[in-house]
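Listed below, chain by chain, are the residues.
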Amino acid sequence: MLEEQMREFALLQLKLRQEHKPEHIRNETLHAGSLMYFYCELCGWLSDVLPESFLSRPRHICSECQLLKDKGWLEHPLGWLEPALYDVAKQTTLEHGYDYTDPRTGETTKAKE
Ligand SMILES: [Zn+2]
């Protein structure tokens, strides 16, 4: 596969991961001694699982997204990822009950009453 196609494919997969996040396990609800679950800052999928008494720093980016970062594809000059990130920002803002204004168009989406 060409580099260009690989990038498009990887970014499409990222978008799909962002749109289909698994339900997050909340560490504070688990009993003492349970494993701790950490989720990717970029896509919301599991990025690390560590014993409660972990000594190493948990990874906050999953291996799939790390690959995108390492490849430099997230900072592509054409902004391949941007629309996906704006979608996430919009969704999160509306979910919290606030109006969302798209910084690219100035278009405002009203939060549902
Ligand atoms: Zn990820």
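1. What about the overall build of the protein chain?
For the protein chain, the helix and strand inventory stands at three helices and four strands. In the protein chain, the order of α-helices and β-strands from amino to carboxyl end is α-β-β-α-α-β-β. Across the 113 residues in the protein chain, those meeting the buried criterion constitute 8%. Nonlocal contacts in the protein chain, meaning residues at least 24 apart in sequence, comprise 25% of its contacts between residues at least 6 apart.

2. Looking at the environment of leucine 35
Within the secondary structure, leucine 35 is located in the loop between helix H1 (3-19) and strand E1 (36-39). The exposure class assigned to leucine 35 is partly exposed, which follows from the 13 C-beta atoms found within 10 Å. Excluding residues that lie within four positions of it along the chain, leucine 35 makes contacts with Val49, Leu50 and Pro51.

3. Concerning the environment of aspartate 48
Inspection of the secondary structure assignment puts aspartate 48 in strand E2 (residues 46-50). Using a count of 19 C-beta atoms within 10 Å as the deciding quantity, one classes aspartate 48 as partly exposed. Put simply, aspartate 48 and methionine 36 are twelve residues apart on the chain and 8.2 Å apart in space, counted from C-alpha to C-alpha. Filtering out sequence-adjacent residues up to four positions away, aspartate 48 remains in contact with Phe38, Pro58 and Arg59.

4. So, the pairing of E2
For a regular strand, side-chain orientation follows a simple rule: the groups alternate between the two sheet faces. Pairing of E1 with E2, which is carried by four bridges, proceeds in the antiparallel orientation. Looking across to E2, one finds that tyrosine 37 is bridged to valine 49. Turn length for the E1-E2 hairpin, with the two strands adjacent in sequence and antiparallel, is six residues, and the turn residue glycine 44 shows positive phi of about 85°.

Basis of the calculations
Residues numbered from 1 in each chain as written. Predicted model: local features only at pLDDT ≥ 70, side-chain atom pairs only at ≥ 80, totals over all residues. Helix = DSSP H or I, 4+ residues; strand = E, 2+ residues; numbered from the N terminus. Buried ≥ 20, exposed ≤ 12 C-beta atoms within 10 Å, placed from the backbone. Contact = placed C-beta atoms within 7 Å. Pairing = 2+ DSSP bridges.

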